[in-house]
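# Reading the structure
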Amino acid sequence: MNCIKRIQITDLCILLLLVTISTIGCKKDSVKSESHAYNPAQEVVVNDFFPKTGGGGQQLVLYGKNFGNDKSIVSVKIGEKQATVITVHNDAIYCVVPDRAYSGEIEVTVGSKNTQQLAKAADAFNYQRRMVVTTLAGAEDERGNYDIKDGPFDDCGGFFNPSWLIFDPKNPGLLYMGQDGGDIRLLNFRDSVVTTPITRGMGNWSRIRTIAFTKDAQYMIVANDQGDVNGISTSILSRANGFKDPKVLTSYKQCNGASVHPVNGELYFNSYEKGQFYRFDLNKYFTDHLGIKDYDELFKIQDNSWEFQIDIHPSGNYAYIVVINQHYILRTDYNWDTKTFMQPYVVCGEPRANAWVDGVGTQARLWNPYQGVFVKNPDYAGKKDEYDFYFTEQGNHDIRILTPEGKVTTFAGRGSSSIDPNPYGHIDGGLRSEARFDQPKGLAYDSTNHVFYVGDAENHCIRKISLEN
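Residues numbered from 1 in each chain as written. Predicted model: local features only at pLDDT ≥ 70, side-chain atom pairs only at ≥ 80, totals over all residues. Heavy atoms only, no water.

### Description of the state of the cysteines
Per the counting criterion, the structure on display carries 0 disulfides. Cys461 supplies the cysteine sulfur nearest to Cys156, a cysteine that is in no disulfide, at a spacing of 9.6 Å. Since its relative accessible area comes to 2%, Cys156 is described here as buried. (Disulfide = S-S within 2.5 Å. Buried < 20%, exposed > 50% of the residue type's maximum accessible area, 1.4 Å probe, protein only.)

The structure is reproduced here in structure tokens:
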């Protein structure tokens, strides 16, 4: 696991902080231009600080007396964690709040060994835990080599193209991982162990693209890309047989993904041959024994010969069609009378225009968006649509958010700009300030614990996004 790397703060940042503090009128009269040396004969005092609340990486100003002007003899601890001291003036210390400074007590030590004084602030800094990126499982060496093996999270080798993640609806402690071109792996959170319960050979699959479950969660659906020959597009596996009995469900070619309607239960899958969007009645499959060709084409998307995947909203009212190679997302609304999805329209991104731009609708720019998940936003309580859509991006090496109104923002990734200008890498830490991914693909969300899991493809590992602990 890579160590968290702190962004370096320049003198310009310090100046901007000082200007900001002065502008908003907070302690503007207490910051003086004069700076005096520390006087051991006088008391060191901490009488205030600003801001009062924040998390790791927050810039903080301590106000007081007799701090001196030599930062080499000044030490600051917040919540018993060492803070980074930037500059020291006689009556002000500029520092950075350390990670996990939970208790918030502020201690300032000034002086050398024989002249040292300790001063404490009367009030504690209100430390707020922030969301951070960590590495859960999977590793590679400095040359990018890795083993593929089962084992505990801290010794399971690396993952080959972890491109699809989904929790077992009946067992939320089990996270299935599809590996495009590899097997299906399983992360068991109860035992912190990785296993390989389903191999590519079991289903005679060429490329496992997506994994879904039927409405009653008694069956698993695996989407398979057989290339440009007719073959297996989706397979069905039963829970009763431990998902060890794959049978061909539908047959065509070049399938990228399959999803099940959460309310009515029918299956939707695709082909990138001509951009076909198909409907297969799973209910009739179980009752009337439909055949592998008994499905209907609903429409074609505007781009053919390009990969796309289908993510259906929890309400079933609509679905997003993520057009991977052409860098945009469509929306298709559901007709509850006919129980089918209708012709789609663009909601964000510009077709064939890959870039990294936050914005609304077609003003936003995407780059190889991949798996997405719907996450309920408590700020939307009472609104018609209470879910945001989080999705990975390979080309932009990040996680983005799409709101119901079509606004796209960057949630995590592309941090640590002081290290190098690259947007990719393997760095843990703050969502935007530090964390980096390398072509992330898979994405799953644990709504109970409010935790995201990311299949970080080129880092061959699973990353975790959660509150720091």
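Anyway, onward from the coordinates.
### As for the pattern of salt bridges
By the definition in use, this model includes 23 salt bridges. With its nearest N and O atoms 3.3 Å apart, the salt bridge here joins Arg185 to Asp150. Of this pair, Arg185 sits in strand β15 (residues 184-188) while Asp150 sits in the loop between β11 (131-137) and β12 (151-152); the two residues are 35 residues apart in sequence, bridging distant segments of the chain. Of the residues examined, Asp150 reaches a relative accessible area of 41% and is grouped as partly exposed. Lys300 serves as the salt-bridge partner of Glu297, at 2.7 Å between the closest nitrogen and oxygen. Where salt bridges share partners, they join Asp180, Arg207, Arg209, Asp225 and Glu307 into one cluster. (Salt bridge = Lys/Arg side-chain N within 4 Å of Asp/Glu carboxyl O. Helix = DSSP H or I, 4+ residues; strand = E, 2+ residues; numbered from the N terminus.)

### Focus on the nonpolar core
In this structure, Leu60, Leu62, Val76, Ile78, Ile93 and Val108 are the most contacted members of the largest nonpolar core, which totals 24 residues. Within the residue set of this core, elements represented by two or more residues are β1 (45-50), β3 (59-65), β4 (74-78), β6 (84-89), β7 (92-96) and β8 (106-110). In contact with Leu60, other than residues within four places in its own chain, are Phe49, Phe50, Pro51, Ile78, Ile93, Tyr94, Cys95, Val97, Ile106 and Phe125. (Core = buried A, V, L, I, M, F, W, Y, C linked by side-chain atoms within 4.5 Å. Contact = heavy atoms within 4.5 Å.)

### A look at unusual backbone geometry
Geometrically, the link from Phe50 to Pro51 is a cis peptide bond, its omega value of 0 degrees lying close to zero. The phi dihedral of Gln254 is positive, around 55 degrees, even though this residue is not glycine. Along the chain, Gln254 falls in the loop between β20 (247-252) and β21 (258-260). Take Gln254: its relative accessible area is 11%, and that puts it in the buried class. Even without glycine at this site, Lys339 takes up a positive phi of about 55 degrees. With respect to the element layout, Lys339 can be found in the loop between β27 (328-335) and β28 (340-341).

### Quick word on the environment of Phe160
Residue placement: Phe160 occurs in the loop between β12 and β13 (162-168). Through-space distance from the C-alpha of Phe160 to that of Ile148 is 7.5 Å; in sequence the pair is 12 residues apart. Setting aside chain neighbours within four positions, we find Phe160 in contact with Tyr146, Ile148, Gln179, Asp180, Gly181 and Gly182.

### What to know about the sheet that holds strand β24 (residues 296-300)
One open sheet accounts for 4 strands, arranged β21-β22-β23-β24; its pairing is antiparallel. Bordering the open sheet on either side are β21 and β24, each of which pairs with just one other strand. Taking the axes of each pair of neighbouring strands and ignoring which way they run, one obtains an average angle of 25 degrees across the sheet. Here β21 runs beside strand β22 (residues 267-271); their pairing, made up of 3 bridges, is antiparallel. When the sheet's bridge partners are listed, Val260 is paired in β22 with Leu267. (Pairing = 2+ DSSP bridges. Axes fitted to C-alpha atoms, helices over the stretch in contact; angles between N-to-C directions.)

### Remarks on the side chain of Asp428
Relative to the elements of secondary structure, Asp428 occurs in the loop between β34 (407-412) and β35 (429-430). Judged by its relative accessible area of 1%, Asp428 is buried. A distance of 2.9 Å separates polar atoms of two side chains, one belonging to Asp428 and the other to Arg463. (Polar contact = N/O pair within 3.5 Å; in protein donor to acceptor, adjacent residues only side chain to side chain.)

### Here we look at the confidence of the model for the protein
Per-residue pLDDT for the protein averages 92, and the proportion of residues at 70 or more is 93%. Counting interchain partners and residues more than four positions distant, the pLDDT-below-50 stretch residues 1-33 has 49 contacts. (pLDDT = per-residue confidence, 0-100.)

### Here we look at a negative patch on the surface
Side chains of Glu140, Asp141, Glu142, Asp147 and Glu458 sit close together on the surface and give a patch of like negative charge. Counting through the fold element by element, Glu140 comes out in the loop between β11 and β12. (Patch = residues over 30% accessible without salt bridge, like charges linked within 9 Å, V, L, I, M, F, W, Y side chains within 5 Å. Areas by Shrake-Rupley, 256 points an atom, 1.4 Å probe, with all protein chains shown as cover. Lys, Arg positive; Asp, Glu negative; His and termini not counted. Charge placed at Lys NZ, Arg CZ, Asp CG, Glu CD.)

### Describing the packing of aromatic side chains
Within the structure shown, the criterion is met by 32 aromatic pairs. Look at Phe213 and Phe243: their rings are 6.0 Å apart centre to centre, the planes differ by 70 degrees, and that puts the pair in the edge-to-face class. Of this pair, Phe213 sits in strand β17 (residues 208-213) while Phe243 is found in the loop between β19 (231-238) and β20, placing the two residues 30 residues apart along the sequence. Ring pairs connect the aromatic residues Tyr268, Phe277, Phe299, Tyr334, Trp336 and Phe341, which therefore count as one cluster. For Arg331, the ring lying beneath its charged end belongs to Tyr318, and the centroid distance is 3.8 Å. For the cation-ring pair, Arg414 lies above Trp356, with the distance from its terminal atom to the ring centre recorded as 3.7 Å. (Phe/Tyr/Trp six-rings, centres within 6.5 Å; stacked < 30°, edge-to-face > 60°. Lys NZ or Arg CZ within 6 Å of the ring centre and 35° of its normal.)

### Observations concerning the pairing of strand β25 (residues 308-312)
Of all 5 residues that make up β25, 5 are buried, and the element is covered over most of its length. Burial along β25 is two-sided: Phe308, Ile310 and Ile312 and Gln309 and Asp311, pointing in opposite directions, are all buried. Across 5 bridges, the pairing between β25 and strand β26 (residues 318-323) is antiparallel. Bridge pairing links Phe308 to Val323 in β26. Linking two consecutive strands that pair antiparallel, namely β25 and β26, is a turn of 5 residues; a positive phi of about 85 degrees is found at Gly316 within it.

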